[in-house]
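Letter by letter, the chains look like this.
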Amino acid sequence: MRSLEGKVALVTGAGGMRGIGRAVALKLASLGADIVLSDVKRTAEDLPPKEVKKQWRSIDSVGEEVEALGRRCLKVWCDLTVSAQIQAMVNEAVAHFGHLDILVNNARAIIGRDRVPVTEMPEDVWQHFLAVNTTAVMLGIKHAGKVMIKQGTGGRIINIASDASKRGRPKTAAYVTSKFAVLGLTQCSALDLAPYGITVNSVCPGAIDSDRMNYLEQAQAQAKGIPLEQYREDVVRETARRIPVGRVGQGEDVANVVAFLASDEASFITGQAYNVNGGALFH
Ligand SMILES: NC(=O)c1ccc[n+]([C@@H]2O[C@H](COP(=O)([O-])OP(=O)(O)OC[C@H]3O[C@@H](n4cnc5c(N)ncnc54)[C@H](O)[C@@H]3O)[C@@H](O)[C@H]2O)c1
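Here's the deal with the overall build of the chain
When helices and strands are counted, the chain shows nine helices and seven strands. Scaling as 2.2 N^0.38, a compact globule of 283 residues should have a C-alpha radius of gyration of about 19 Å, and the chain matches this with 18 Å. Considering only C-alpha atoms, the chain reaches an extent of 55 × 40 × 35 Å along its principal axes. Within the chain, the proportion of its 283 residues that are buried is 52%. Sequence separation of 24 or more characterises 74% of the internal contacts of the chain that already satisfy a separation of 6 or more. About 13,000 Å² of surface is accessible on the chain, with carbon and sulfur atoms providing 54% of the total. Side chains of the chain carry 33 positive and 30 negative charges; the gap between the two charge centres is 3 Å.

Focus on the nonpolar core
Judged by nonpolar contacts, the single largest core of 35 residues is most densely connected at Leu28, Ile35 and Leu37. Elements represented by at least two residues in this core include exactly strand 1 (8–11), helix 1 (20–30), strand 2 (34–39), helix 3 (58–68), strand 4 (102–105), strand 5 (155–160) and helix 9 (251–262). No other element matches the seven residues that helix 1 contributes to this core. Look past the residues within four positions of leucine 28 in its chain and what remains in contact with it is Leu4, Ala9, Val11, Ala33, Ile35, Ile102, Val104, Ala259 and Ala262.

Considerations on the site of the ligand
Taken together, 25 residues lie near the ligand, and Asp39, Asn106, Tyr175, Lys179 and Ser210 sit nearest. Within the backbone of isoleucine 208, a nitrogen or oxygen atom sits 2.9 Å from an oxygen atom of the ligand. Relative to its free-state accessible area of 840 Å², the ligand is covered by the protein chains to the extent of 95%. Of the residues assigned to the shell around the ligand, the class counts are twelve nonpolar, seven polar and six charged.

Here we look at the packing of helix 5 (residues 123–151) against helix 6 (residues 173–193)
Following both chains from N to C, one finds helix 5 and helix 6 inclined at 15°, their axes separated by 8 Å at the closest point. When the axes of helix 5 and helix 6 are compared, the pair comes out roughly parallel. Here the hand of the crossing between helix 5 and helix 6 comes out right-handed. Residues Trp126, Phe129, Leu130, Asn133, Thr134, Val137, Met138, Ile141 and Ile149 of helix 5 form the contact with helix 6, whose participating residues are Ala173, Ala174, Tyr175, Thr177, Ser178, Lys179, Ala181, Val182, Leu185, Ser189 and Leu193. Across the contact of helix 5 with helix 6, the residue classes tally to 14 nonpolar, five polar and one charged.

Some points on the pattern of salt bridges
Inspection of every chain in the model, using the stated rule, returns 17 salt bridges. Notably, a salt bridge pairs arginine 212 with glutamate 217, separated by 3.4 Å at the nearest N-O pair. Overall, the relative accessible area of 7% leaves glutamate 217 in the buried class. Measuring nitrogen to oxygen at the nearest pair gives 3.0 Å for the salt bridge that ties arginine 232 to glutamate 217. Here arginine 232, found in helix 8 (residues 228–241), pairs with glutamate 217, found in helix 7 (residues 215–224); they are 15 residues apart in sequence, far enough to count as distant.

As for helix 1
Where burial is concerned, most of helix 1 is hidden: nine out of the eleven residues are buried. Within the span of helix 1, buried status applies to Ile20, Gly21, Arg22, Ala23, Val24, Ala25, Leu26, Leu28 and Ala29. Those residues of helix 1 hidden inside the fold are in contact with strand 1, strand 2, helix 3, strand 4, strand 6 (198–205) and helix 9. Residue glycine 32 follows helix 1 closely and has a positive phi angle near 110°.

Section: the sheet that holds strand 4
The strand order across the open sheet formed by seven strands is 3-2-1-4-5-6-7, and the pairing between neighbours is parallel. Each edge of the sheet is formed by a strand with only one pairing partner; in this case those strands are strand 3 (73–77) and strand 7 (273–276). Each neighbouring strand pair of the sheet contributes to a mean axis angle of 15°, computed without reference to strand direction. Looking at chain direction, strand 6 and strand 7 are connected through four bridges and run parallel. Residue valine 203 lies in a different strand from strand 7, and its bridge partner there is tyrosine 274. Most of the contacts of helix 3 go to strand 3, to which it runs at about 170°, and overall it touches strand 2 and strand 3. Strands strand 1, strand 2 and strand 3 of the sheet are contacted by helix 4 (residues 83–97), whose axis makes an angle of about 160° with strand 3.

Conventions adopted
- Residues numbered from 1 in each chain as written.
- Predicted model: local features only at pLDDT ≥ 70, side-chain atom pairs only at ≥ 80, totals over all residues.
- Heavy atoms only, no water.
- Helix = DSSP H or I, 4+ residues; strand = E, 2+ residues; numbered from the N terminus.
- Rg over C-alpha atoms; globule rule 2.2 N^0.38 Å.
- Buried < 20%, exposed > 50% of the residue type's maximum accessible area, 1.4 Å probe, protein only.
- Contact = heavy atoms within 4.5 Å.
- Areas by Shrake-Rupley, 256 points an atom, 1.4 Å probe, with all protein chains shown as cover.
- Lys, Arg positive; Asp, Glu negative; His and termini not counted.
- Charge placed at Lys NZ, Arg CZ, Asp CG, Glu CD.
- Core = buried A, V, L, I, M, F, W, Y, C linked by side-chain atoms within 4.5 Å.
- Near = heavy atom within 4 Å.
- Polar contact = N/O pair within 3.5 Å; in protein donor to acceptor, adjacent residues only side chain to side chain.
- Nonpolar A, V, L, I, M, F, W, Y, C, P; charged D, E, K, R; others polar.
- Axes fitted to C-alpha atoms, helices over the stretch in contact; angles between N-to-C directions.
- Parallel < 35°, antiparallel > 145°, perpendicular 65-115°, else oblique.
- Left-handed = near helix turned anticlockwise from the far one by under 90°.
- Salt bridge = Lys/Arg side-chain N within 4 Å of Asp/Glu carboxyl O.
- Pairing = 2+ DSSP bridges.

Here it is, written out as structure tokens:
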């Protein structure tokens, strides 16, 4: 029997063709879980060029991959800046499958507009980052946690945080603050939910080649007169040189740790923040 057979896992931000969310969903499905895939509907200009070229259809495409692994799949479009949609997403998952056992808070605000000194930070950008990266994580834990408590069979909540949860950098105040907050939220939620056998942990990726959309990189590629894909390849190559193991991570590197934290074997681990960064940061 596969280790997550009979479990239902909800993954947010799961529609990216090379995103960490997709890798997590496929890993959990390969271990036997049925999957609720969620993402926001995005227009073509907000998508990585490769997704547009390949006519990638976000969670509809990932859903086909989950089903090809023999698992059941529910797709829920949800804008995580809208509180009522988060409640509705959890409700729909439970109505469809009858239970919810694993929540992976993976989505994040599209990066780029936040990459300014704090003195130049537009307030709406700040609020958007906190809404998607922090408040939505709290609301996901709140609604899924209530369901898990009522079920009485424990549960697993895994928040995808970041190395930016542990170290500040210039021109990243909104992202870093939103991700530091996820670790505090993880610890407090872990304590609140421990009596119910529900564990709450964070995974902190370093540089992962997820082909993510980044408005700043898009502008820099345009300024250099090269396609965004080529610019990204240069960034990935340069970044790899700074990582002790000599490569950037892949979504699967993160998914492997999520799968362990989601398993029965991880029942004594809660409130923790695991680095997946090739040795780039130790604390
Ligand atoms: N890629 C990296 O190098 C890296 C490094 C550290 C941490 N992380 C973390 O890993 C997670 C996944 O990273 P990724 O690189 O796959 O991200 P990504 O930017 O490729 O994908 C994020 C997902 O969130 C979704 N999203 C954006 N706004 C949303 C909204 N309002 N409502 C619902 N969904 C929304 C997007 O549609 C997308 O599917 C994130 O939490 C990120 O902070 C990634």
